[in-house]
Each structure stands twice: as C-alpha cells, then as structure tokens.
Amino acid sequence: HVRHTCPRVQGRHRRCAAQLRDYSTAEAVTTYVVLDAETYWSTEYSLSRLSHEEYIRHPDFLEHGWGVLPIDGKARWLNRAQFAKFAREYNWSDTAIICHNTRFDGAILGWVHGIRPKFWIDTMGMYRALHRDLKSFSLAKLAHFAEHDDFALGRFSGEHRERRAHRGWVGVVA
C-alpha cells in the first residue's frame, strides 16, 4: 500500500475507492452500450505517429461517426451530428460503455463529448490480459484469432487445458 502525502492525490484515491465500492453492487450498472469510433487518419496523421491525446486534440481530428450497440437494442451507425445529439440526450450515469481500446474511444467520448459513464469496459485490455503472447490486438486480428482459438470457441483438448493451467489460468470449463 502506497501512502501519498499530496492532498490532491489522497482525494483522488478516496474518490476511486468510493467509486469501486459503488461498482460492487448489482445496481451500479443497469445499461450496457458498445461504442466504436471511426475517425479520419492519413499516413502523416495517425495513432502510429501521435499519442492518443495529440491525435484527438490535433486540428485535423475528425469523427466520421460511431457504431452504437445498446445491449438490449439494435446496432446502428450514427454520423458525427447524430452521435453528438445521442451523446447529449443519453443518460450515462448508470451505463457501462464497452469499447475495443477504451484509451482511444473513451478519450474521445470524454474530451470531445463530455461523457462520463458509470463504468468502462475495454475488450482490448481483456484480450491483452488473456493472450499476452500476441503481437497485435487490433479488432480485425483478434476476430481472426478468436475464429481459430479453441479456447474462444469452447473446444478444450486435454493438452489445451494443461497449457492453460500451466499459465495459471483457472476456471476453464471442460
């Protein structure tokens, strides 16, 4: 346990601890929404050359639109103006937002749209935790990987179970 003497840091930790307590109850999140931003990029202006913040705050930053999937609803595409209206009118206070690379999409949601959901869920982070040996975690590569992954498909051979158990992964259902 690290003790911080700075009141600003101490306050942040108290707020985080209070939020974690809130998330431990079933009532904390009542709605889930999957979001995916599509933005302009070029060979000179891309996330491979700029940090997330530099990219999003750059004058060339442009949102084309968002893929939106409420868990209990139908997937749809919203252009920039439609999404801005949706973001203003939606109640984010009891919502968990699911993104692939929440560092990027979440930064856009927070910095550009002022969205502060109850909870963030990052599928890229989850895949990184489960498959540290992969070189790329792009959504396209992970979709291909999952298509051929016995673990993702629910096919477990004895050898596959042993490899998972050796890595310390528990809870694999045979």
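Residues numbered from 1 in each chain as written. Predicted model: local features only at pLDDT ≥ 70, side-chain atom pairs only at ≥ 80, totals over all residues. Heavy atoms only, no water.

Draft legend 1. Layout of the overall build of the chain. From N to C terminus, the chain includes eight helices and five strands. Seen in sequence order, the chain has helices and strands lined up from the N terminus as α-β-α-β-β-α-β-α-β-α-α-α-α. With 174 residues in all, the chain has 31% of them scored as buried. Taking contacts inside the chain between residues at least 6 apart in sequence as the whole, the part at least 24 apart equals 53%. With an accessible surface of roughly 11800 Å², the chain has 55% of that area assigned to carbon and sulfur atoms. (Helix = DSSP H or I, 4+ residues; strand = E, 2+ residues; numbered from the N terminus. Buried < 20%, exposed > 50% of the residue type's maximum accessible area, 1.4 Å probe, protein only. Contact = heavy atoms within 4.5 Å. Areas by Shrake-Rupley, 256 points an atom, 1.4 Å probe, with all protein chains shown as cover.)

Draft legend 2. Region of the structure containing unusual backbone geometry. Of note in the backbone geometry, N101 takes a positive phi value of approximately 80° without being a glycine. By secondary structure assignment, the location of N101 is in the loop between β4 (95–99) and α4 (102–111).

Draft legend 3. Local environment of the side chain of H52. Along the polypeptide, H52 turns up in helix α2 (residues 52–57). Here R103 takes part through its side chain, which lies 3.2 Å from a polar atom of the side chain of H52. Among all residues touching H52, those that are not within four sequence positions of it are L47, N101, R103, F104 and W111. (Polar contact = N/O pair within 3.5 Å; in protein donor to acceptor, adjacent residues only side chain to side chain.)

Draft legend 4. Representation of the packing of aromatic side chains. Summed over all chains, the structure comprises nine aromatic pairs. Note on Y40 and Y45: the rings are 5.8 Å apart at their centroids and 20° apart in plane angle, and the pair reads as stacked. By relative accessible area, which is 3% here, Y45 ends up buried. Plain terms: the ring middles of W66 and F83 are 4.6 Å apart, the flat faces sit at 15° to each other, and that makes the pair stacked. Of this pair, W66 sits in strand β2 (residues 63–70) while F83 sits in helix α3 (residues 80–89); the two residues are 17 residues apart in sequence, bridging distant segments of the chain. (Phe/Tyr/Trp six-rings, centres within 6.5 Å; stacked < 30°, edge-to-face > 60°.)

Draft legend 5. Region of the structure containing α4. When you tally the buried positions in α4, you get eight out of ten residues, the bulk of the element. Listing the buried residues of α4 in full gives T102, F104, D105, G106, A107, I108, L109 and G110. On its buried face, α4 sits against β1 (31–39), α2, β2, α3, β4 and β5 (119–122).

Draft legend 6. Local environment of the pattern of salt bridges. Under the counting rule described, the total for this entry stands at two salt bridges. Here R57 and E53 are joined by a salt bridge, their closest N and O atoms 3.1 Å apart. Here R57 pairs with E53, and both are found in helix α2, just four residues apart, close to one helical turn. (Salt bridge = Lys/Arg side-chain N within 4 Å of Asp/Glu carboxyl O.)

Draft legend 7. Spatial organisation of the nonpolar core. L35, W66, V68, F83 and L109 are the most contacted members of the largest nonpolar core, which totals 21 residues. Only β1, α2, β2, α3, β4 and α4 provide two or more residues apiece to this core. Here this core takes four residues from α4, the largest share from any one element. Leave out the neighbours within four places in its chain, and V68 touches V33, V34, L35, K74, A75, R76, L78, F83 and F86. (Core = buried A, V, L, I, M, F, W, Y, C linked by side-chain atoms within 4.5 Å.)

Draft legend 8. Broad picture of the confidence of the model for the chain. Counting all residues, the mean pLDDT for the chain is 74, and 63% of those residues have values of 70 or more. Looking across the chain, the model is least confident in helix α7 (residues 150–153), with a mean pLDDT of 47, and most confident in α3, with 94. Counted against residues more than four places away or in other chains, residues 1–21, with its pLDDT under 50, gives five contacts. (pLDDT = per-residue confidence, 0-100.)

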